[in-house]
Amino acid sequence: MTERRSVAIHVPVLARVEGEGALDLRIEQGDIAELRLRIFEPPRFFEKFLEGRHYTEIPDMVARICGICPVAYQVTAAQALEDLFGVELDPWARVMRRVFYCGEWIQSHSLHIHLLAAPDFFGCGNAIELARIAPDEVRRGLRIQGLGNELMDLFGARSVHPVGVRIGGFHGAPSLARILDMRDKLRAALPEAEALIRWAAAIPVPQDDQVFVSVATRHPADYAIERGDIGASDGLRIGAEAFDAHFIERHEPYSTALFSTYHQQPYLVGPLARLNLNHEYLPGAIRALLADIGLVLPSRNLFHSLLARAVEIWLALYEALRLLDGYRVPDSPWVPATPRAGVAIGCTEAPRGLLWHRYEMDDAGCVINARIVPPTSQNQGRIEEDLRLSLLNFGLDHPDDALRLHCEKVIRNYDPCISCATHFLRLNVARA
Amino acid sequence: MSQQTVHPGKPRVAVHKFSSCDGCQLSFLNLGEALLTLAERIDLVHFAEAGPLDPDTGVDVAFVEGSVSTPEDLERIQHIRAHSGLLIAIGACATSGGIQGLRNQAKGAEWVAQIYSHPEAIASLEHSTPISCHVKVDFELWGCPVSGPQILAVINALLLGVTPRDNTDKVCTECKRQGYPCVMVTHGIACMGPVTRAGCGALCPSLGRDCYGCYGPAENANTDALAIQFGHLGLTPAAIVRRFQSINSQAPVFLAAADKLRAG
């Protein structure tokens, strides 16, 4: 018989997550009486100030939603608008959008693994402490992160709020010399990424088995990143335009982020959801490696998220290298666009998961209204559910510090990007 | 009393976040191996995104990202000021109120009600304001985002005991120095370079596109002349207003330019 006790744990500021969030946990009589992930990042009202803006301004504005995944916002918006305007991208631009996006996955995932998540598993408070006991691994991670930034620089001139995306393609095209140099670096980084996967796989993690629905974009040709339909692990397969028929957002008064549900249930988006749904699209070399390290997919253990990010780093390096083979500088990096009234909808896979945009446009090419559903809001309900299940599995009788650390580890599995989780419109907004 | 000089040994440094996208903090986290070198030269006391949490200990230098936009922010920035020797505002949000400052021209309360079903639970001030509206700021680094080299230059200056400097000249000067063809002269593109503060290295013209003013107003910016030029290029008055009302909409020079156009 375990001791029945009452504990209140309050983590006022979550460290090593992007943005501002807090967690309240109340245990009474040996059971969880209250568990709340509170997001108090101040609202920034992006959808509102996009209203009235010209379509050419949108990529530069939506980038500012998140400094860590601006490419996801830019590409999602651009592609939604290109679909509405009937713009057919040059094959060069279509391929380079994926390469550009790979840069962001590499940067964001490596930052998360080394600077945010891994220190937990080595008893370190941060990456600088971790670098004292695992200097080569941390330096390797920072190098990979830097390579992701360089890849974004090629097309966007800088990696935070890059300036290269325009409706119809890119503003400019990198020279062949720069691409050849990048290809050498990507080739050299692949063995480093393989070593990273083996390192990540060797980190002991809790055995946690949970039932949840994974949601990610899916594409018949490849591991979906910058294009695809929306799929779920229960067999759902819908176009982006049908999102609202299956996914609902609601506002809880204790959080500035909205909660999303899929058929009234929490669901998972992000690297592990993607691997669960799309692992058969991984190249043969990486599948052999996963078999070798013993990662069985689909996985129901969210503690495989760090490893999933490492796998996606390898994939993104591989894809960028493959797609830059035979690179040519195009006659023009963009094609012209003519605006058209209507509703632009699109979705892509941001590093943290499914990102969905909807813009109602007038015939002058200005925004009438906008709605953006980022990954963190979609994961928020799942994080709370996971915390409950995972804490019960872990055992509520651990000391408070151990419970707190366990909760933080669970939350960091989702890499919540709280600065972007704050700007939704509720579903039933009446508009004049 | 707050110290006015940087500690001679290993200075204590804090990085604080207010309303923002976290992109300027990334100027630290994207330093790569230089981040580890930096960690040997300074003592990072508080930097929530990187791990260290200690907002209450006094520091020699506090970097502040983000704008003041909630009632709680008003108290927090006073607390930070009182516990910091030097306070350095980094990025567009901290120096001008940022892109979210666009709400200052609108009815913020209505927006809350349109977005949230429990608007009473959302603590948000009517305006998004820069740090200098609330406390004394010792140095400002403009830019959306600020770059790693800008941050390192400031830290190195402080470590060497000299006053940090920032380039207040125009993007045009950087653009010319790089030898990029002027996008306005050669392609008739409405570029904000003539009124925008340097520091990025003229990234947008390097791709053949217009600068959109993300580093805020330059010193002695002639916004009147640029607005006339934009008119000649075919922009409507409303479109010209939007050029000045974007990332740094509440920077006084850009706000005045927009107000003048709106007044007709």
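Basis of the calculations
- Residues numbered from 1 in each chain as written.
- Chains lettered and ligands numbered in written order.
- Predicted model: local features only at pLDDT ≥ 70, side-chain atom pairs only at ≥ 80, totals over all residues.
- Heavy atoms only, no water.
- Helix = DSSP H or I, 4+ residues; strand = E, 2+ residues; numbered from the N terminus.
- Rg over C-alpha atoms; globule rule 2.2 N^0.38 Å.
- Contact = heavy atoms within 4.5 Å.
- Areas by Shrake-Rupley, 256 points an atom, 1.4 Å probe, with all protein chains shown as cover.
- Lys, Arg positive; Asp, Glu negative; His and termini not counted.
- Charge placed at Lys NZ, Arg CZ, Asp CG, Glu CD.
- Buried < 20%, exposed > 50% of the residue type's maximum accessible area, 1.4 Å probe, protein only.
- Pairing = 2+ DSSP bridges.
- Phe/Tyr/Trp six-rings, centres within 6.5 Å; stacked < 30°, edge-to-face > 60°.
- Lys NZ or Arg CZ within 6 Å of the ring centre and 35° of its normal.
- Domains from an automatic or database assignment.
- Buried area = accessible area lost by both parts, 1.4 Å probe.
- Salt bridge = Lys/Arg side-chain N within 4 Å of Asp/Glu carboxyl O.
- Polar contact = N/O pair within 3.5 Å; in protein donor to acceptor, adjacent residues only side chain to side chain.
- Axes fitted to C-alpha atoms, helices over the stretch in contact; angles between N-to-C directions.
- Parallel < 35°, antiparallel > 145°, perpendicular 65-115°, else oblique.
- Left-handed = near helix turned anticlockwise from the far one by under 90°.
- Expected span 1.5 Å × (residues − 1).

A few points about the overall build of chain B
Link 1 in the chain: A count of helical and extended segments in chain B gives twelve helices and five strands.
Link 2 in the chain: Since a compact globule built from 264 residues should have a radius of gyration of about 18 Å, the 19 Å found for chain B is in line with a globular shape.
Link 3 in the chain: When its C-alpha atoms are laid out on the principal axes, chain B stretches across 55 × 50 × 30 Å.
Link 4 in the chain: Expressed as a percentage of contacts within chain B between residues at least 6 apart in sequence, the contacts between residues at least 24 apart total 72%.
Link 5 in the chain: Carbon and sulfur atoms make up 57% of the accessible area of chain B, which amounts to about 10,300 Å² in all.
Link 6 in the chain: Put simply, chain B has 19 plus and 24 minus side-chain charges, and the middle of one group is 8 Å from the middle of the other.

Examining the pairing of strand E10 (residues 258-262) of chain A
All names here are of chain A.
Link 1 in the chain: In terms of residue burial, E10 counts as a mostly covered element, since five of its five residues are buried.
Link 2 in the chain: Going residue by residue along E10, you find Leu-258, Ser-260 and Tyr-262 tucked away on one face and Phe-259 and Thr-261 tucked away on the opposite face as well.
Link 3 in the chain: Alignment of strand E9 (residues 247-251) against E10, held across five bridges, turns out to be antiparallel. Along E10, the bridge assignment pairs Ile-248 with Thr-261.

Re the packing of aromatic side chains
Link 1 in the chain: As enumerated under the stated definition, the model contains 19 aromatic pairs over all chains in all.
Link 2 in the chain: With centroids separated by 5.1 Å and ring planes inclined at 15 degrees, the aromatic side chains of Trp-314 of chain A and Tyr-318 of chain A adopt a geometry described as stacked. Of this pair, Trp-314 of chain A and Tyr-318 of chain A both sit in helix H11 (residues 305-323), four residues apart, which is roughly one turn of that helix.
Link 3 in the chain: Owing to a relative accessible area of 8%, Trp-314 of chain A belongs among the buried residues under this scheme.
Link 4 in the chain: Residue Tyr-318 of chain A is classed as partly exposed on the basis of its relative accessible area, which comes to 29%.
Link 5 in the chain: Here the aromatic residues Trp-92, Phe-100, Phe-155, Phe-170 and Tyr-327 of chain A are joined through ring pairs into a cluster of three or more.
Link 6 in the chain: Directly above the ring of Trp-334 of chain A sits Arg-166 of chain A, whose terminal nitrogen or CZ lies 3.7 Å from the centroid.
Link 7 in the chain: The ring of Phe-18 of chain B is capped by Arg-76 of chain B, whose NZ or CZ atom sits 3.8 Å from the centre of that ring.

Some words on the domain arrangement of chain B
All names here are of chain B.
Link 1 in the chain: Entries for chain B in the domain assignment read domain 1 (12-159) and domain 2 (171-263).
Link 2 in the chain: Across the contact, 16 residues belong to domain 1 and 14 residues belong to domain 2.
Link 3 in the chain: Across the interface of domain 1 and domain 2, roughly 1,100 Å² is buried in total on both sides, 52% from carbon and sulfur atoms.
Link 4 in the chain: The interface formed by domain 1 and domain 2 holds zero salt bridges in total.
Link 5 in the chain: The interface formed by domain 1 and domain 2 contains seven residue pairs in polar contact (both at pLDDT 80 or more).

A look at the sheet that holds strand E11 (residues 342-350) of chain A
All names here are of chain A.
Link 1 in the chain: With antiparallel pairing, the three strands of this open sheet are ordered in space as E11-E12-E13. Both outer strands of the open sheet, E11 and strand E13 (367-373), are each paired with one neighbouring strand and no more. On average, each strand axis in the sheet is tilted by 15 degrees relative to the strand beside it, whichever way the strands run.
Link 2 in the chain: As defined by bridge partners, E11 adjoins strand E12 (residues 353-361) across nine bridges and the pair is classed as antiparallel. If you follow Ala-350 over to E12, its bridge partner there is Gly-353.

Comments concerning the environment of Arg-340 of chain A
All names here are of chain A.
Link 1 in the chain: Along the chain, Arg-340 falls in the loop between H11 and E11.
Link 2 in the chain: On the basis of relative accessibility, which here comes to 45%, the residue Arg-340 falls in the partly exposed class.
Link 3 in the chain: When neighbours within four sequence positions are excluded, Arg-340 is seen to be in contact with Leu-84, Phe-85, Gly-86, Met-361, Asp-362 and Asp-363.
Link 4 in the chain: From its side chain, Arg-340 meets the backbone oxygen of Leu-84 in a polar contact 3.3 Å long.

Brief notes about the pattern of salt bridges
Link 1 in the chain: All told, the structure shown has 46 salt bridges over all chains when counted by the stated rule.
Link 2 in the chain: One salt-bridge network, held together by shared partners, links Arg-98, Asp-222, Glu-226, Arg-227, Glu-319 and Arg-322 of chain A.

Observations concerning the packing of helix H7 (residues 176-202) of chain A against helix H10 (residues 284-293) of chain A
All names here are of chain A.
Link 1 in the chain: Where H7 meets H10, the axes come as close as 11 Å, and the angle between the chain directions of the two elements is 25 degrees. On the basis of their axis angle, the class for H7 and H10 is roughly parallel. In this structure, the crossing between H7 and H10 has a hand that is right-handed. Every residue of H10 that contacts H7 at Glu-194, Ile-197, Arg-198 and Ala-201 is listed here: Ile-286, Leu-289, Asp-292 and Ile-293.

Some remarks on unusual backbone geometry
Link 1 in the chain: In this structure, the amide linkage connecting Leu-297 of chain A to the following residue, Pro-298 of chain A, adopts the cis form with an omega of 0 degrees.
Link 2 in the chain: Within the element layout of this structure, Pro-298 of chain A appears in the loop between H10 and H11.
Link 3 in the chain: Omega for the bond connecting Cys-144 of chain B with Pro-145 of chain B falls within 30 degrees of zero, at 0 degrees, which places this linkage in the cis form.
Link 4 in the chain: Tracing the chain through its elements places Pro-145 of chain B in the loop between strand E5 (139-141) and helix H6 (148-159).
Link 5 in the chain: With a phi close to 70 degrees, Ala-157 of chain A is a non-glycine residue in the positive phi region.
Link 6 in the chain: Inspection of the secondary structure puts Ala-157 of chain A in the loop between helix H6 (135-156) and strand E4 (165-166).
Link 7 in the chain: Residue Ala-157 of chain A is classed as partly exposed on the basis of its relative accessible area, which comes to 22%.

Side note on H6 of chain A
Link 1 in the chain: With 22 residues, H6 of chain A extends 31 Å from end C-alpha to end C-alpha; this agrees with the ideal 32 Å at 1.5 Å per step.
Link 2 in the chain: Of the residues flanking the end of H6 of chain A, it is Ala-157 of chain A, one or two places downstream, whose phi is positive at about 70 degrees.

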